[in-house]
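Commentary on secondary and tertiary structure
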Amino acid sequence: MEPSSKRREDYRKHRSSLNLHRNHVFASPAQKMTGNVIARICGIVAVLCLSCGLAWAAHMYFALHSAIDGQDGNTATSARIANRQPISVLILGVDQGLEGRHDKGNSDTIILATANPGKNKATMTSIPRDTLANILGDPGDKYNMFRVNSAYGIGGSKASMSTVSALLNVPINYYVEVNMKALKSLVDAVGGVDVNVPFKFSYDWCDFHKGKQHLNGRHAVAYVRMRHDDPRGDYGRQMRQRQVINAVVHKAVSVDSIANYRKLVKIFNKYVRTNLTFNDMLALALTYRGCSQNISSGYIQGHDAWINGSSIQVASTEELQKASNKMRANLELEQQVLNNDETKLNKLNEQNNHINWKDPNPFTNYQIYHSVVTNESTDSTNNTNGSSDTSNGTGSDNSTGQ
């Protein structure tokens, strides 16, 4: 073989060896890079998902923030809630727009709730709408004994808070006013609620069976509105109202309801008014949630009475004192003997008209006096407004997480 040919052959062999080595070098990293690329793609997707989730959560936060705080512009957390102190909240279910009403309406649902995070205990006390009380909120705060639910029509939530606070000698920190038209939407927004139906009945084309039942919004409205077929009358209806409120609260603070936050925002904007800020509600959900697992539920028992042609519920001093003691204890306040317009009026009627609270028959001789200091009674023209439907019922309920 010629020297030149031998050199060319050696060069080809050497180059072929270099190419194989180079291909091996290039091929090996290419295999390793496959895993890295997949990991990087997965990481990018995870970051994108996390970013979208954070953006969605931020949007939800600020949307709710705007919806709740847009009413008065106050966004700060109340000092009482920030310090995890016991609080009281007056819950008002307003009937405006129902059954053809177009006026300001009355508060047909009145519930005074207390929450003590230190004890992880809450109370819910229903106040019958026809309970006799001195209605505060009139110009000049004139003496005006009538149904407690009329306070809302006179001065809104502020008058209701003042009236109920004076009736029970319990300070009221906050209020939540809910237009009852919102109940259907609210229950649907949290995916429905579960309640324990006390007896079988039908109302407004809705059927209810005794025992546990899941209610959608329409059924929930019918469930809390039925009264005349309940053997406990309005007291039975109040118990069912507390059931639904408890169930809605439990669902509203659960993770499941977050997906429906847009509906909740819309409902808040349109139907709910409160002096709680968004930060207040957030703090309550985070630090007071234990109270929702231990709720003592009850109501103020009234006695049927016909006063100047109107059907009214008169609560005895003993009944008012019992409710006051229970709520003041949960607020960590000293118990005080009630000495208000209602208890003074009761005393005058016991002395002058021989009222017997154990008599099951409706009172026909209970009188409202111009002043609880004198024995001068009102004439029959001063308190004749309002409906004449009678609410009956006896007993009390005391349940946990009802």
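Residues numbered from 1 in each chain as written. Predicted model: local features only at pLDDT ≥ 70, side-chain atom pairs only at ≥ 80, totals over all residues. Heavy atoms only, no water.

Considerations on the pattern of salt bridges
Evaluated as defined, the whole model comprises 4 salt bridges. Among the ionic pairs, K184 bridges to D188, the shortest N-O distance being 3.6 Å. Of the two residues, K184 and D188 are both situated in helix 4 (residues 182–189); the distance of 4 residues between them amounts to about one turn of the helix. Between R240 and D230 there is a salt bridge, with the nearest N and O atoms lying 2.9 Å from each other. Linking R240 in helix 6 (residues 233–252) with D230 in the loop between helix 5 (217–225) and helix 6, this pair joins segments that are 10 residues apart in sequence. As far as burial versus exposure is concerned, R240 and D230 are alike and both buried. (Salt bridge = Lys/Arg side-chain N within 4 Å of Asp/Glu carboxyl O. Helix = DSSP H or I, 4+ residues; strand = E, 2+ residues; numbered from the N terminus. Buried < 20%, exposed > 50% of the residue type's maximum accessible area, 1.4 Å probe, protein only.)

With respect to the packing of helix 4 against helix 5
Helix 5 packs onto helix 4 with a crossing angle of 130° between their chain directions and a minimal axis gap of 7 Å. In terms of orientation, helix 4 lies oblique with respect to helix 5. Where helix 4 crosses over helix 5, the handedness of that crossing is right-handed. Together, L183, K184, V187 and D188 of helix 4 and G217, R218, A220, V221 and V224 of helix 5 make up the contact between the two elements. Across the contact of helix 4 with helix 5, the residue classes break down as 5 nonpolar, 1 polar and 3 charged. (Axes fitted to C-alpha atoms, helices over the stretch in contact; angles between N-to-C directions. Parallel < 35°, antiparallel > 145°, perpendicular 65-115°, else oblique. Left-handed = near helix turned anticlockwise from the far one by under 90°. Contact = heavy atoms within 4.5 Å. Nonpolar A, V, L, I, M, F, W, Y, C, P; charged D, E, K, R; others polar.)

Observations concerning unusual backbone geometry
Even without a glycine there, the phi angle at N120 is positive, about 50°. Along the chain, N120 falls in the loop between strand 2 (107–116) and strand 3 (121–126). The class for N120 is partly exposed, based on a relative accessible area of 37%.

Let's talk about the packing of aromatic side chains
Evaluation of the coordinates by the stated rule reveals 6 aromatic pairs. Between F201 and Y223, the aromatic rings sit 6.1 Å apart at their centres with planes inclined by 20°, giving stacked as the arrangement. Here the residue F201 occupies a position in strand 8 (residues 201–203), and Y223 occupies one in helix 5, the gap between them amounting to 22 residues. One aromatic cluster in this structure is built from F199, F201, F208 and Y223. (Phe/Tyr/Trp six-rings, centres within 6.5 Å; stacked < 30°, edge-to-face > 60°.)

Describing the environment of D229
Note on placement: D229 falls in the loop between helix 5 and helix 6. Here the alpha-carbon distance between D229 and S202, two residues 27 residues apart in the chain, equals 9.0 Å.

Things to note about the sheet that holds strand 11 (residues 272–274)
An order of 11-6-1-2-3-12 is seen for the 6 strands of this open sheet, with the pairing classed as mixed. Among the strands making up the open sheet, the edge pair consists of strand 11 and strand 12 (295–299). Taken pair by pair, the neighbouring strands of this sheet meet at an average axis angle of 15°, ignoring direction. With 3 bridges connecting them, strand 6 (residues 174–179) and strand 11 associate as antiparallel partners. In the sheet register, V178 faces strand 11, and the bridge partner there is V272. Packing of helix 6 onto the sheet brings it into contact with strand 1 (87–94), strand 2, strand 3 and strand 12, and relative to strand 12 it is tilted by some 155°. (Pairing = 2+ DSSP bridges.)

Points about the confidence of the model for the protein
In the predicted model, the protein carries a mean pLDDT of 77, and 67% of its residues have values of at least 70. Of all secondary-structure elements in the protein, the lowest mean pLDDT belongs to helix 1 (residues 3–69), at 56, while helix 9 (residues 317–330) reaches the highest, 97. Throughout residues 97–103 the model reports pLDDT below 50, and contacts reaching past four residues in sequence, or to other chains, amount to 8 contacts. (pLDDT = per-residue confidence, 0-100.)

Here we look at helix 10 (residues 341–352)
Taking 1.5 Å of rise per residue, 12 residues should cover 16 Å, and helix 10 covers 16 Å from first to last C-alpha, within 8% of that figure. Within helix 10 the residues assigned to the buried category are E342, T343, L345, N346, L348 and N349. Where helix 10 is buried, its residues touch strand 4 (132–134), strand 5 (145–147), helix 3 (150–168), strand 14 (310–315) and helix 9. (Expected span 1.5 Å × (residues − 1).)

A look at the pairing of strand 6
With 6 of its 6 residues buried, strand 6 lies for the most part within the structure. Of the two faces of strand 6, the one carrying Y174, V176 and V178 and the one carrying Y175, E177 and N179 are both buried. Of the strand pairs in this sheet, strand 1 and strand 6 are connected by 6 bridges, and their pairing is parallel. Bridged to V94 within strand 6 is N179.

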